[in-house]
Number of protein chains: 4
Amino acid sequence: MSGTDRTIEVGVLGATGMVGQQFIALLEGHPWFDLVWLGASERSAGRPYGEAASWKLSSPVPDAVRDRRVDPSAPGKAPQLVFSALDASVAGEIEQAFAAAGHTVVSNSRNHRMDPTVPLLVPEVNADHLGLLSHQASQRSWTGAIVTNPNCSTVVMTMVLAPLRAFDLQQVIVVTEQAVSGAGYPGVPSMDILGNVVPYIGGEEAKMETESRKILGELRDGAVTPHEVIVSAQTTRVPVVDGHTEMLSIRLGDDPEPEALVEALARYTGRPQELGLPSAPARPIVPLREPDRPQPRLDAHRDRGMAVTVGRVRRCPVLGHKLVALGHNTVRGAAGGAILNAELMVAEGLVT
Amino acid sequence: MSGTDRTIEVGVLGATGMVGQQFIALLEGHPWFDLVWLGASERSAGRPYGEAASWKLSSPVPDAVRDRRVDPSAPGKAPQLVFSALDASVAGEIEQAFAAAGHTVVSNSRNHRMDPTVPLLVPEVNADHLGLLSHQASQRSWTGAIVTNPNCSTVVMTMVLAPLRAFDLQQVIVVTEQAVSGAGYPGVPSMDILGNVVPYIGGEEAKMETESRKILGELRDGAVTPHEVIVSAQTTRVPVVDGHTEMLSIRLGDDPEPEALVEALARYTGRPQELGLPSAPARPIVPLREPDRPQPRLDAHRDRGMAVTVGRVRRCPVLGHKLVALGHNTVRGAAGGAILNAELMVAEGLVT
Amino acid sequence: MSGTDRTIEVGVLGATGMVGQQFIALLEGHPWFDLVWLGASERSAGRPYGEAASWKLSSPVPDAVRDRRVDPSAPGKAPQLVFSALDASVAGEIEQAFAAAGHTVVSNSRNHRMDPTVPLLVPEVNADHLGLLSHQASQRSWTGAIVTNPNCSTVVMTMVLAPLRAFDLQQVIVVTEQAVSGAGYPGVPSMDILGNVVPYIGGEEAKMETESRKILGELRDGAVTPHEVIVSAQTTRVPVVDGHTEMLSIRLGDDPEPEALVEALARYTGRPQELGLPSAPARPIVPLREPDRPQPRLDAHRDRGMAVTVGRVRRCPVLGHKLVALGHNTVRGAAGGAILNAELMVAEGLVT
Amino acid sequence: MSGTDRTIEVGVLGATGMVGQQFIALLEGHPWFDLVWLGASERSAGRPYGEAASWKLSSPVPDAVRDRRVDPSAPGKAPQLVFSALDASVAGEIEQAFAAAGHTVVSNSRNHRMDPTVPLLVPEVNADHLGLLSHQASQRSWTGAIVTNPNCSTVVMTMVLAPLRAFDLQQVIVVTEQAVSGAGYPGVPSMDILGNVVPYIGGEEAKMETESRKILGELRDGAVTPHEVIVSAQTTRVPVVDGHTEMLSIRLGDDPEPEALVEALARYTGRPQELGLPSAPARPIVPLREPDRPQPRLDAHRDRGMAVTVGRVRRCPVLGHKLVALGHNTVRGAAGGAILNAELMVAEGLVT
């Protein structure tokens, strides 16, 4: 698709949650996609979206969405392309039902991420993993397809690690300081996080340690061979609304000067930039030179929340190099990432 | 001193700042020490303390202190034992002047910490480093003495690392999430930290990396041989008032089960516990079993802020082990630590 | 009771919630009361308290309580005197069942506050309203009794208004800035309150407007005649953990100088001070002279959280006078207030 | 000017501060104004803006501004139209020097607001007060002019009060909960506001009480007759980054139903809307129907921060009516308001 000759109708599954809201906000005025359908739980179905959702974004509910009735989360009236922001407790079955019914499901949920036939995409990093879809079609009884994006903290990390594969990436120790919006709504109780830190997020560390290897891996003979990097994650929650900050120590087989890493990060681009996708940031990774950056309040919104910022690239006396990375968890790390996945699929002729 | 037969008069240098305030709060009702003197800058000198200080603790200014006149930061009227909470920009000269005039200066400032003849004490860890004082006396023209406690984030870390020396401690990667009280007053602007994270604290990482080796080192032949552990620190500021949280990955030469580490941490004690010092926590390190602890709001005040809490002791796929540690930065990590140093010196007969 | 010759066994209903936790913390080491029984929902019953409760206070769970098994919320094994921190959705029936079974229920719940035979106590203000209990006994079939304390924001306000009745108190406009601990746990979602203000707390304004008139009213002929003051409240939630701040504008029939109000507030005392009750603050109302006080972080804990602090007493060009008041919402405004009620009843011979 | 035929060069005085930064962000891409000059203190003069300013907005420094050299705050190279974000300690003299040198100074500073010949503008409310400028010209020796916008919390309040003049506006009691960005940078120390409330902002209450009467007043015979409304303000600081929330109780001579007030607020418009000024919000006042709104995080950015949102319009038992209002303090309450003033002057032919 040249991208401009016509619009494609899309729907959002799990439209009332935090990530569903971010999908709606990002799809407003999208040049390719026309949001025509909203799916949510039985409790919300039949109600106008403006009533069914407890809207928590600082931009208002788009007028076109406010009065639209929410449908149940079942195929039928939904358009061919649907984004899924479903909760993991229900996403597995519902997404499969949509794929079986011929829909292309571009999902933010974790349920199918590690499925060997499901692409786990960060479009700048592994656009070629879309090649898995032909195997998905042959191994599953679906006439549609499922494509996923990674866990929010994993996206930020893998974007930074991708260009470092060229230096023989071997080991990573990462500590995250994650925003509360990643936990949905009502999510984190204020009594737990006001003036406090919670050094634990259930399941998050395992996701960072395993998803990253698939994302950074190579597609060979119809399967992804995971990258050999070993990741050790400690994930913590901090009183920040949007933006995950990550402190990485990295062991590379090569021994580049820190400045060489900065340059590799700064010039890194991928298919979204080649194809000029609407949601693609001009530069996926933006190194900042100030010693005290990146910071979530100042940098998470960079390039409409789609760029990852990096700072403090320097020597680590233990593993060799260390740095700080930051990304917008509900945009780049969730809804924006999924929309970029869908744009990639359109541009590659996989959605028509 | 048996500790109970009489009280010792003490003073506080830098009494109006955040750490000075914490000294005053902790000395109220102290069984051995009687606070009789307050020193501060020329700007404050001559004014009643209640006016000169912008008191920021949640306990009120002690009545006995409120009306006491502040003196300039010069020896003369000060008692023999003085605690120093002076800013590093002035602490060097003033503390030396007091030592030269015969005072024992128990300092929280960084200026003399790395001086080879100055003990850098965490009393549970290296009480024997007080042995440096005889060399200090012979090499310096002071009739008094200077003793220091480490940087706040270093105290928390070294208390946890001390018992791990038994397992052949080799490398540590630590990421800190530090409270704003550590930066004094006015300190961190609210525009920088409300709903935000600042991944940089000037000079802090170098302190953690160098002070720790001295603290964990051995006193031999009148000098401290630094421990060989290599520490790599990334220090960040988070919107927390009190309590530094630290995420550690640790390489040990031995390969103990995580449970063996927990046990070693739990049973660790030192001279303060042997001597029953008034400010000594019953257990210096308290392992917590809940998966989401320690947390600063819930755990920083443990044992009047003098205990370090630890949690999530587990395997690290890169360095072998990882865990979370937490301590109260202005109590254990500053004023409380210094008071414990002074108690130790009294009990060991070094202050009379 | 002279208060010291023996201890009285007590229980806590709703022991696992935020106010229940505060009851437990405040009863630890209480000179008169011995906590021997914990009641909670069916879900918690049978489990050790340490497991059943998600403890959120910065002091640890008392050891004696951690392993105690929680009972269901039914009379039977409970001691004669029980504190109730039950949720309003269940407090009505359960508290009546306990009263019917002969227990004295000292409740923090709202269900019986406006019952004409139930005392709604702020002991410094209306200790004589305990006189309602003889009517309660004659009009209800209970062999026990129910006594209540007011809504947390109402306590703070009525303590300040009580001494102003002497100046012909007529009208009050109050705006509150309330802490999240008042909403229990999980309570306020962090997405709603981090870096934000919520200008609405369901039901709170009506409570302040109606409970205050009963509290400030007069007991005559076996009934409380409400005070004629008209209160208009706007209640808001702010990102504070503990401490409700209240901005009041007040119309008095008299026209005292602001300094006369300060003096009246400062010298106000009541029965708890006369009787020397263990939880009574030395001065129930503490005027502060600094222009920027009271502040929750600095002043809410005054006198173990039992004193109300007041500042900025000055002229209001519309109603005549204005001021700022502050109190600890889960101590003075909830558990601590209820314990003071029970101490008053013991001292007056109503509990034996 | 039709507004589109050419651009007007503008400068910003006090360009490095918080409000100066907001001017720069809002002027980027402005259809009429071309930012060509930046003035700041001697300390910053000569340095590129990107170095001189500690940029604190979540949008990055515009590229065109980053490398521009900062000039001293003196007329000379500055264009005819300059916006002033100068600190009040220096604004008085500098703004007069610019006016004397022929510049039109559109100021956000407080120094000249109450000058009888200086318009204190909220363009929707009192655009006709620009008529003062002919008197300013005759009474002052300036060949240029000074126009001001009000204090940030006053703007929000007067926009809401303006349409209520039709109901015989008589008295207002207002309590504010103000964001920290209003205090500049470094501004409020984090130790003062994290998890806290400060019930005092120096000088703020007097500004709200006096500026409002001038703004709502009538221009007659070359002078503004202040409106007779009596305002009583209590201003507090809360841990919010952007957005001032205000709780108002209002006495009107008439007794409209609350719904009539909502309608009057909703349909209120002024000269900016008539003239279609670029920064004019479609509706200056947006009533929200949800019971818990407006909230700063969700509503301050409404219509690019230029609309004031209002909620909870209801009866007040003391003064008759009450409501909650919210506005963006550094946009509508400062830089955005000043830019709207300049647009008005251009459209009215007062700047060419």
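Since the structure is predicted, the reported quantities are computational estimates derived from the model, not experimental observations.

(A) View of the overall build of chain A. A count of helices and strands for chain A gives 14 helices and 14 strands. Against the globule reference of 20 Å for 352 residues, chain A gives a C-alpha radius of gyration of 19 Å, in line with a compact fold. Along the first, second and third principal axes, the C-alpha set of chain A runs to 60 × 50 × 35 Å. Counting the 352 residues in chain A, one finds 61% classified as buried. Long-range contacts, defined as pairs at least 24 residues apart, comprise 74% of the intrachain contacts of chain A with a sequence gap of at least 6.

(B) Layout of the interface of chain C and chain D. Each partner contributes to the interface: chain C provides 34 residues, whereas chain D provides 33 residues. Looking at the side of chain C that touches chain D, the elements with two or more residues in it are strand E7 (169-178), strand E10 (230-237), strand E11 (244-252), helix H12 (296-299), strand E13 (308-316) and strand E14 (320-327) of chain C.

(C) Just the relation of the copies chain D and chain A, in detail. Each copy superposes on the other: chain D lies on chain A with an RMSD of 0.0 Å after a rotation of 180° and an axial shift of 0.0 Å. Expressed as an axis order, the relation between the two copies is that of a two-fold axis. Relative to the rotation axis, the closest C-alpha in chain D is found at Gly195 of chain D, a distance of 3.2 Å. Comparing contact sets, 100% of the residues at the interface of chain D also lie at the interface in chain A, consistent with an isologous, same-surface contact.

(D) Spatial organisation of the domain arrangement of chain A. All names here are of chain A. The domains assigned to chain A are domain 1 (8-151 + 335-347) and domain 2 (152-328). Here the element with the most residues in the side of domain 1 that touches domain 2 is helix H14 (residues 331-347); it accounts for 7 residues. Tallied by class, residues from the side of domain 1 that touches domain 2 come to 16 nonpolar, 11 polar and 6 charged.

(E) The arrangement of the interface of chain D and chain A in detail. The interface of chain D with chain A comprises 8 residues on the first partner and 9 residues on the second. Here the residues of the side of chain D that touches chain A are counted per class, giving 3 nonpolar, 3 polar and 2 charged.

(F) Seen up close, the relation of the copies chain C and chain D. The transformation that overlays chain C on chain D combines an axial shift of 0.0 Å with a rotation of 180°, and the residual RMSD is 0.0 Å. Of the residues that chain C buries at the interface, 97% are likewise interface residues in chain D, meaning the two copies contact each other through the same surface.

(G) Spatial organisation of the pairing of strand E11 (residues 244-252) of chain D. All names here are of chain D. In terms of burial, E11 is a largely internal element, 7 of the 9 residues being buried. Alignment of strand E7 (residues 169-178) against E11, held across 8 bridges, turns out to be antiparallel. Bridging across to E11, Thr176 finds its partner in Glu246. Pairing analysis gives 7 bridges linking E11 to strand E14 (residues 320-327), with the strands arranged antiparallel. Across the sheet, the residue bridging to Glu246 is Ala325, located in E14.

(H) Spatial organisation of the environment of Arg165 of chain A. Residue and element names in this part refer to chain A. Along the chain, the position of Arg165 falls in the loop between helix H7 (152-161) and strand E7 (169-178). The class of Arg165 is partly exposed, set by 15 C-beta atoms lying within 10 Å. Through-space distance from the C-alpha of Arg165 to that of Gly253 is 9.6 Å; in sequence the pair is 88 residues apart.

(I) Looking closely at the packing of helix H1 (residues 18-27) of chain A against H14 of chain A. Residues and elements named next belong to chain A. Relative to each other, H1 and H14 sit at 50°, their axes nearing to 9 Å. One finds that H1 runs oblique with respect to H14. Note that H1 runs across H14; the crossing there is right-handed. In this structure, H1 contributes Val19, Gln22, Phe23 and Leu26 to the contact, and H14 contributes Val331, Ala334, Ala335, Gly336 and Ile339. Looking at the contact of H1 with H14, its residues break down into 7 nonpolar, 2 polar and no charged.

(J) Local environment of the sheet that holds strand E2 (residues 33-40) of chain B. Residue and element names in this part refer to chain B. The 6 strands lie next to each other as E3-E2-E1-E4-E5-E6, forming an open sheet whose pairing is parallel. The open sheet has two edge strands with one neighbour each: strand E3 (71-72) and strand E6 (145-148). Note: strand E5 (residues 104-107) against E6, 4 bridges, orientation parallel. Paired with Val106 across the bridge in E6 is Val147. In the packing of helix H1 (residues 18-27) onto the sheet, contacts are made with strand E1 (8-13), E2 and strand E4 (81-84), and the angle to E1 comes to roughly 160°.

(K) Representation of unusual backbone geometry in the model. Of the consecutive residues Tyr185 of chain A and Pro186 of chain A, the connecting peptide bond is found in the cis state with omega at 5°. Note on placement: Pro186 of chain A falls in the loop between E7 and helix H8 (190-193). With an omega of 5°, the peptide bond running from Arg293 of chain C to Pro294 of chain C counts as cis. Looking at where Pro294 of chain C falls in the secondary structure, it is placed in the loop between strand E12 (285-287) and H12. Even without being a glycine, Arg312 of chain C presents a positive backbone phi close to 55°. Secondary-structure assignment places Arg312 of chain C in strand E13.

(L) Structural context of the sheet that holds strand E12 (residues 285-287) of chain B. All names here are of chain B. In space, the 6 strands of this open sheet follow the order E10-E7-E11-E14-E13-E12, with mixed pairing throughout. Of all the strands in the sheet, just strand E10 (230-237) and E12 have a single pairing partner and so form its edges. Strand-to-strand twist of the sheet, defined as the mean angle between neighbouring strand axes without regard to direction, takes the value 25°. As judged from the 3 bridges shared by E12 and strand E13 (residues 308-316), these two strands associate in the parallel manner. Bridge pairing links Ile285 to Val308 in E13. Against the sheet, helix H9 (residues 204-215) contacts strand E7 (169-178) and E10, and its axis sits at roughly 150° relative to E10.

(M) Expanded view of helix H1 (residues 18-27) of chain D. With 10 of 10 residues buried, H1 of chain D is to be regarded as a mostly interior element. Phi for Gly29 of chain D, located one or two positions after H1 of chain D, is positive at around 75°.

(N) Inspection of the confidence of the model for chain A at higher detail. Looking at chain A, the pLDDT average stands at 96 and 99% of residues meet or exceed 70. The ipTM for the predicted assembly is 0.96, set against a pTM of 0.97.

(O) Just the environment of Ile230 of chain C, in detail. With respect to the secondary-structure elements, Ile230 of chain C resides in strand E10. The class of Ile230 of chain C is partly exposed, set by 17 C-beta atoms lying within 10 Å. Contacts of Ile230 of chain C, omitting those with residues within four sequence positions, involve Gln171 of chain C together with Pro317 and Val318 of chain D.

(P) Main features of helix H1 (residues 18-27) of chain C. Along H1 of chain C, the residues that are buried comprise Met18, Val19, Gly20, Gln21, Gln22, Phe23, Ile24, Ala25, Leu26 and Leu27 of chain C. Structurally, H1 of chain C contributes buried residues whose contacts are with strand E1 (8-13), strand E2 (33-40), helix H3 (63-66), strand E4 (81-84) and helix H14 (331-347) of chain C.

(Q) Seen up close, the packing of helix H7 (residues 152-161) of chain C against helix H9 (residues 204-215) of chain C. Residue and element names in this part refer to chain C. Contact geometry for H7 and H9: axes closest at 9 Å, N-to-C directions at 40°. The orientation of H7 with respect to H9, classified from their angle, is oblique. Viewed along their axes, H7 and H9 form a crossing whose handedness is right-handed. Of H9, the residues touching H7 (which contributes Ser153, Thr154, Met157, Thr158 and Leu161) are Glu204, Lys207, Met208, Glu211, Ser212 and Ile215. Residue composition of the contact of H7 with H9, grouped by class: 4 nonpolar, 4 polar and 3 charged.

(R) Representation of the environment of Pro75 of chain B. All names here are of chain B. As for its position among the elements, Pro75 is in the loop between E3 and E4. Separated by 26 residues in the primary sequence, Pro75 and Ala101 place their C-alpha atoms 6.8 Å from one another. For Pro75, the residues in contact, after removing those within four places along its chain, are Ala97, Phe98, Ala101 and His103.

The rules behind the values
Residues numbered from 1 in each chain as written. Chains lettered and ligands numbered in written order. Predicted model: local features only at pLDDT ≥ 70, side-chain atom pairs only at ≥ 80, totals over all residues. Helix = DSSP H or I, 4+ residues; strand = E, 2+ residues; numbered from the N terminus. Rg over C-alpha atoms; globule rule 2.2 N^0.38 Å. Buried ≥ 20, exposed ≤ 12 C-beta atoms within 10 Å, placed from the backbone. Contact = placed C-beta atoms within 7 Å. Least-squares fit on C-alpha atoms with pLDDT ≥ 70 in both. Domains from an automatic or database assignment. Nonpolar A, V, L, I, M, F, W, Y, C, P; charged D, E, K, R; others polar. Pairing = 2+ DSSP bridges. Axes fitted to C-alpha atoms, helices over the stretch in contact; angles between N-to-C directions. Parallel < 35°, antiparallel > 145°, perpendicular 65-115°, else oblique. Left-handed = near helix turned anticlockwise from the far one by under 90°. pLDDT = per-residue confidence, 0-100.

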